[in-house]
Amino acid sequence: FSAEVINNDVLLSWKTATETNNSGFEIQRKLTSAKNWETISFVKGAGSSTEIKEYNYSDMGLNPGKYIYRLKQIDYDGTINYSNQIEVNIIELPLTISLEQNYPNPFNPSTTIKFSITSKTFVTLKIYDVLGKEIVTLINEELNAGLYNETWNAENLSSGVYIYSLKAGDVNLVKKMNLIK
């Protein structure tokens, strides 16, 4: 039984090796602060099977918070078994793509760059010297929507002004930072 958070949706996945008299699975959820479980859906089981069966369910449009999920497997005769519990954290998604000023600034030898993206997109975060020469690529991959912190260590570089650039989809944001040794 596993969970994956994609934006503000939770994809629950599980599989069985065999099933005997399995009516199905109640999918239950609660906020970590809540006492009672809420049944949010029912997924029909395979009855009796000796083959591996894979199941999934998407819990969509959740508000920010920490949620716990479990499966309540119910047999035709009423026997029940509970799965392990899985906790997920739904964060508030950013409304805009942003690039914050690095901190600390000036810095020596490392600094943190914070940025946010609003949807799953390909992101590059690069550092340049003042002449426009690329020094390093910190990020060059597809990222999910969210808030990110990236640390850059410039211990092998000389003092000076450096430029950092965030490219996320069609948006390109640029800021300056000062390395002082």
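A brief structural summary.

Criteria and thresholds
- Residues numbered from 1 in each chain as written.
- Predicted model: local features only at pLDDT ≥ 70, side-chain atom pairs only at ≥ 80, totals over all residues.
- Heavy atoms only, no water.
- Pairing = 2+ DSSP bridges.
- Helix = DSSP H or I, 4+ residues; strand = E, 2+ residues; numbered from the N terminus.
- Axes fitted to C-alpha atoms, helices over the stretch in contact; angles between N-to-C directions.
- Buried < 20%, exposed > 50% of the residue type's maximum accessible area, 1.4 Å probe, protein only.
- Lys, Arg positive; Asp, Glu negative; His and termini not counted.
- Salt bridge = Lys/Arg side-chain N within 4 Å of Asp/Glu carboxyl O.
- Polar contact = N/O pair within 3.5 Å; in protein donor to acceptor, adjacent residues only side chain to side chain.
- Contact = heavy atoms within 4.5 Å.
- Patch = residues over 30% accessible without salt bridge, like charges linked within 9 Å, V, L, I, M, F, W, Y side chains within 5 Å.
- Areas by Shrake-Rupley, 256 points an atom, 1.4 Å probe, with all protein chains shown as cover.
- Phe/Tyr/Trp six-rings, centres within 6.5 Å; stacked < 30°, edge-to-face > 60°.

### Some points on the sheet that holds strand β14 (residues 160-168)
Whether parallel or antiparallel, the strands of a sheet pair through hydrogen bonds between backbone atoms.
Consideration 1: Strands sit in the order β12-β11-β14-β15 across an open sheet of four strands; the sheet is antiparallel. Both outer strands of the open sheet, β12 (134-143) and β15 (171-179), are each paired with one neighbouring strand and no more. Within the sheet, the average angular offset between the axes of one strand and its neighbour, ignoring direction, is 15°.

### So, the side chain of Arg70
Consideration 1: Tracing the chain through its elements places Arg70 in strand β6 (residues 65-75).
Consideration 2: In this structure Arg70 is buried but unpaired, with Glu26 as the nearest side chain of opposite charge at 7.4 Å.
Consideration 3: Separated by 2.6 Å, the side chains of Arg70 and Gln28 make a polar contact.
Consideration 4: The residues touching Arg70, leaving out its near neighbours within four places in the chain, are Phe1, Glu26, Ile27, Gln28, Trp37, Tyr82, Ser83, Asn84 and Gln85.

### Things to note about the pattern of salt bridges
Consideration 1: Under the criterion given, the structure shown has four salt bridges.
Consideration 2: One salt bridge in this structure joins Arg29 and Glu38, with 3.2 Å as the shortest N-O distance.
Consideration 3: Across the pair Arg29 and Asp59 runs a salt bridge, and its minimum N-O distance is 2.6 Å. Here Arg29 is found in strand β3 (residues 19-31), whereas its partner Asp59 is found in strand β5 (residues 53-59), with 30 residues between them in sequence. For the residue pair Arg29 and Asp59, the accessibility class agrees, reading buried in each case.
Consideration 4: The structure contains a network of salt bridges with shared partners spanning Arg29, Glu38 and Asp59.

### Some details on the sheet that holds strand β1 (residues 2-6)
Consideration 1: The strand order β1-β2-β5 describes an open sheet built from three strands, whose pairing is antiparallel. Only two strands of the sheet have a single neighbouring strand rather than two, namely β1 and β5. Along the sheet, successive strands turn relative to each other by an average axial angle of 20°, direction set aside.
Consideration 2: As paired elements, strand β2 (residues 9-16) and β5 share seven bridges and run antiparallel to each other. Within the sheet, the bridge partner assigned to Thr16 lies in β5 and is Lys53.

### Section: a nonpolar patch on the surface
Consideration 1: Where nonpolar side chains cluster on the molecular surface, the patch consists of Val130, Leu131 and Val161 and spans about 310 Å² of accessible area.
Consideration 2: Relative to the helices and strands, Leu131 resides in the loop between β11 (121-129) and β12.

### Quick word on the pairing of β12
Both faces of the sheet carry side chains from a regular strand, because those side chains alternate between them.
Consideration 1: Inspection of the sheet shows β11 paired to β12 by eight bridges, in the antiparallel sense. Bridge pairing in β12 links Thr121 to Leu143.
Consideration 2: Joining the antiparallel neighbours β11 and β12 is a turn of four residues, in which Gly132 adopts a positive phi near 90°.

### Side note on the packing of aromatic side chains
Consideration 1: Overall, the coordinates contain seven aromatic pairs when judged by the stated rule.
Consideration 2: Plain terms: the ring middles of Phe107 and Trp152 are 5.8 Å apart, the flat faces sit at 55° to each other, and that makes the pair tilted. Of the two residues, Phe107 is situated in the loop between β9 (98-99) and β10 (110-117) and Trp152 in strand β13 (residues 146-153); the sequence distance between them amounts to 45 residues.
Consideration 3: Between Trp152 and Tyr162, the ring centres sit 5.8 Å apart and the planes meet at 70°, which makes this aromatic pair edge-to-face. Residue Trp152 is found in strand β13, and its partner Tyr162 is found in strand β14; the two are separated by ten residues along the sequence.
Consideration 4: Since its relative accessible area comes to 5%, Trp152 is described here as buried.
Consideration 5: On the basis of relative accessibility, which here comes to 7%, the residue Tyr162 falls in the buried class.

### Things to note about the pairing of β11
Consideration 1: The sheet contact formed by β11 and β14 spans seven bridges and is antiparallel. Its bridge partner lying in β14, Asp129 is registered against Tyr162.

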